[in-house]
Structures are given as structure tokens and as C-alpha cells.
Amino acid sequence: MDTDLDALLRTLKVWDLPELPDFAPEASPAEPRELFTEWFADAVAAGQTEPHTMALATADADGLPDVRTVMLHGVDARGWLFATHATSRKGRQLAVRPYAALDFYWPARARQIRVRGPVTVLPAQEARDSLRVRSTGALAAALAGRQSELLLARGELVDASEVAWKRALTEPDTLAPSWTLYAVDAREVEFFQGDVRRRHVRLRYVRENGDEGGDGGGWRRELLWP
């Protein structure tokens, strides 16, 4: 039976919550990492499913956009961290255009955080250490490799996965050479707090002297119309 998509969409509610959190942008910290950490902890406490996942947007050599969901590996003075194979589609795109945007969406709190900035490749040892502390499945997937390549038959994946799992179990310190850790060195970070009357609060942090890395130059805070 065909589904009437329009009718189905009209049945859905947005932020069907008892109440939404308050957000006073005038009381926000001077830099965005502190506020991100506060909101992240709040999302976890609210039971948000997989709050550490985020949309990663990149562009190819022709400037055409691409987006997918990846996992946050940390946030420090260098930026928002994630990992992937340098040989994957996103890895190849970042090699040509090392700039990206991130989006976190936490409907349990009617909140969204957007991050945008240049991308840097972190030391290979950090990528190895980051992979080593993750699950056996994560290591097995990294060892199977060939991400984004054409798969001619699912059996190929099953066979490669079996080999990778055995190796991950017997050699937990083994290396996945193309596994790479990246940092989005934020130039802009926007915090969005939803409002039931659609008077959403949008606070944007903009890096002053945006050509500097880390926290150099400080941050300018500004409000945006919803």
C-alpha cells in the first residue's frame, strides 16, 4: 500500500516536550567550547539518543556539497574532532577542499549547534590512539577499509569483515594506515534554541582575526533572526 507522504508529514509534531529549556545568550561564556560542553552534557542528561553524532558537510573538487553523519571524537583547542579514512569520499574531498561544516541536532532539548571552519589533519599517532580505545567493531571496520569504493557483491564485504574481525580480536594494536583524525578549526559556531512560538534564539560566535588557530583573536557574539 502506498503511503501518503504529505498526510503523514502533517501528523508529525516538532519538539513535543513538556517544556523547552531557557537560553539567555547575554549570560553565555566568552568562547563557544564551554557552551558546547554545557549543552552536550545537558543533552546526555535529557536522554538524547546518540548526541555525539553529527552531520559533516564537505564539498568536492567542483564545489558540489556532500553530507553524512559521523561521530564526534572530542573538542579541544584545535577544534571539533572526527575520524575517517583519508581514502574515503569525504577524505578525498577534504584533501582538495579542506573546509567543512558540522551540525548537531538534539530534539530532546530543541537544540542545534552548527560549526564551520577549515579542517586540519592531526598527527598519525593520535589517529592510532583514538582508534585503539574504541570498540573491536570500530577497529574491524577500519581494517576492512575500502570505504566509499564500489562494492560488486555483498559477499565481498562479508568476507572482508570476517577477516578484519579476526584480526581486530587477535591483534588489537594493529594499525589501519588510512585511518585519519581531523579537526574542524571553528571560525563560526552557532547555538540554536527552539521556542514553541517560533521565536527561536540563535547565538553565533564569530572568530576575530579568523586566520589564527586555536583560540587566538577571541570571539565576537551576535544574535540572529530565526
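Residues numbered from 1 in each chain as written. Predicted model: local features only at pLDDT ≥ 70, side-chain atom pairs only at ≥ 80, totals over all residues. Heavy atoms only, no water.

A. Inspection of the overall build of the protein at higher detail. Regarding its fold elements, the protein presents six helices and 10 strands. For the C-alpha atoms alone, the extent of the protein along its principal axes is close to 55 × 55 × 40 Å. Relative to all contacts within the protein whose residues are 6 or more apart in sequence, the contacts with residues 24 or more apart total 64%. Only carbon and sulfur atoms are counted for the fraction: they give 54% of the accessible area of the protein, which is about 13,300 Å². Charge separation in the protein, taken as the distance between the mean sites of 29 positive and 34 negative side-chain charges, equals 2 Å. (Helix = DSSP H or I, 4+ residues; strand = E, 2+ residues; numbered from the N terminus. Contact = heavy atoms within 4.5 Å. Areas by Shrake-Rupley, 256 points an atom, 1.4 Å probe, with all protein chains shown as cover. Lys, Arg positive; Asp, Glu negative; His and termini not counted. Charge placed at Lys NZ, Arg CZ, Asp CG, Glu CD.)

B. How the structure looks around the nonpolar core. If you look at the biggest cluster of nonpolar residues, it comprises 27 residues, and the most contacted ones within it are W80, I113, V189 and F191. Beyond its immediate stretch of four places on either side in the chain, V189 contacts P32, W80, I113, R114, V115, L203, R204, Y205 and W219. Core analysis: the next-biggest nonpolar cluster, separate from the first, contains 15 residues, L131, L139, A140 and W179 among them. (Core = buried A, V, L, I, M, F, W, Y, C linked by side-chain atoms within 4.5 Å. Buried < 20%, exposed > 50% of the residue type's maximum accessible area, 1.4 Å probe, protein only.)

C. Inspection of the side chain of T84 at higher detail. On the secondary structure map, T84 appears in strand β4 (residues 79-85). Judged by relative accessible area, which is 1%, T84 ranks as buried. Here K90 takes part through its side chain, which lies 3.1 Å from a polar atom of the side chain of T84. (Polar contact = N/O pair within 3.5 Å; in protein donor to acceptor, adjacent residues only side chain to side chain.)

D. The arrangement of the pattern of salt bridges in detail. Tallied over the entire structure, the rule returns 15 salt bridges. For R89, the salt bridge goes to D66, with nearest N and O atoms at 3.1 Å. Note that R89 is positioned in helix α3 (residues 89-96) and D66 in strand β2 (residues 65-71), a separation of 23 residues in sequence. For the salt bridge of E188 with R116, the shortest nitrogen-to-oxygen distance reads 3.1 Å. Of this pair, E188 sits in strand β8 (residues 188-193) while R116 sits in strand β6 (residues 111-121), placing them 72 residues apart in sequence. (Salt bridge = Lys/Arg side-chain N within 4 Å of Asp/Glu carboxyl O.)

E. The arrangement of a nonpolar patch on the surface in detail. There is a patch of nonpolar side chains on the surface, built from L5, L8, L9 and L12 and spanning about 400 Å² of accessible area. Within the element layout of this structure, L5 appears in helix α1 (residues 5-10). (Patch = residues over 30% accessible without salt bridge, like charges linked within 9 Å, V, L, I, M, F, W, Y side chains within 5 Å.)

F. Structural view of helix α4 (residues 124-132). Those residues of α4 lying buried are A127, S130 and L131. In an axial view of α4, the angular spread of the buried residues amounts to 95°, which keeps them on one side of the axis. (Arc of directions from axis to C-beta.)

G. Structural context of the pairing of β2. Only one face of β2 is buried, namely the one carrying D66, R68 and V70, since none of P65, V67, T69 and M71 on the opposite face is buried. Two elements, strand β1 (residues 53-59) and β2, share seven bridges in a ladder whose sense is antiparallel. What sits directly across from L56, in β2, is R68. Hairpin remark: β1 followed by β2, antiparallel, with five residues in the connecting loop; positive phi at G63, about 85°. (Pairing = 2+ DSSP bridges.)

H. Region of the structure containing the environment of V196. By secondary structure assignment, the location of V196 is in the loop between β8 and β9 (201-207). When the C-alpha atoms of V196 and D16 are compared, they prove to be 9.3 Å apart, with 180 residues separating the residues in sequence.

I. View of the packing of aromatic side chains. Under the criterion given, the structure shown has 12 aromatic pairs. Between F23 and W39 the ring centres are 5.0 Å apart and the planes differ by 75°, which places this aromatic pair in the edge-to-face class. Here the residue F23 occupies a position in the loop between α1 and α2 (32-45), and W39 occupies one in helix α2, the gap between them amounting to 16 residues. For W39, a relative accessible area of 3% puts it in the buried group. Note on F104 and W106: the rings are 5.9 Å apart at their centroids and 55° apart in plane angle, and the pair reads as tilted. Residue F104 is classed as buried on the basis of its relative accessible area of 0%. For W106, a relative accessible area of 0% corresponds to the buried category. Sitting over the face of the ring of W39, R111 holds its NZ or CZ atom 4.0 Å from the ring centroid. (Phe/Tyr/Trp six-rings, centres within 6.5 Å; stacked < 30°, edge-to-face > 60°. Lys NZ or Arg CZ within 6 Å of the ring centre and 35° of its normal.)

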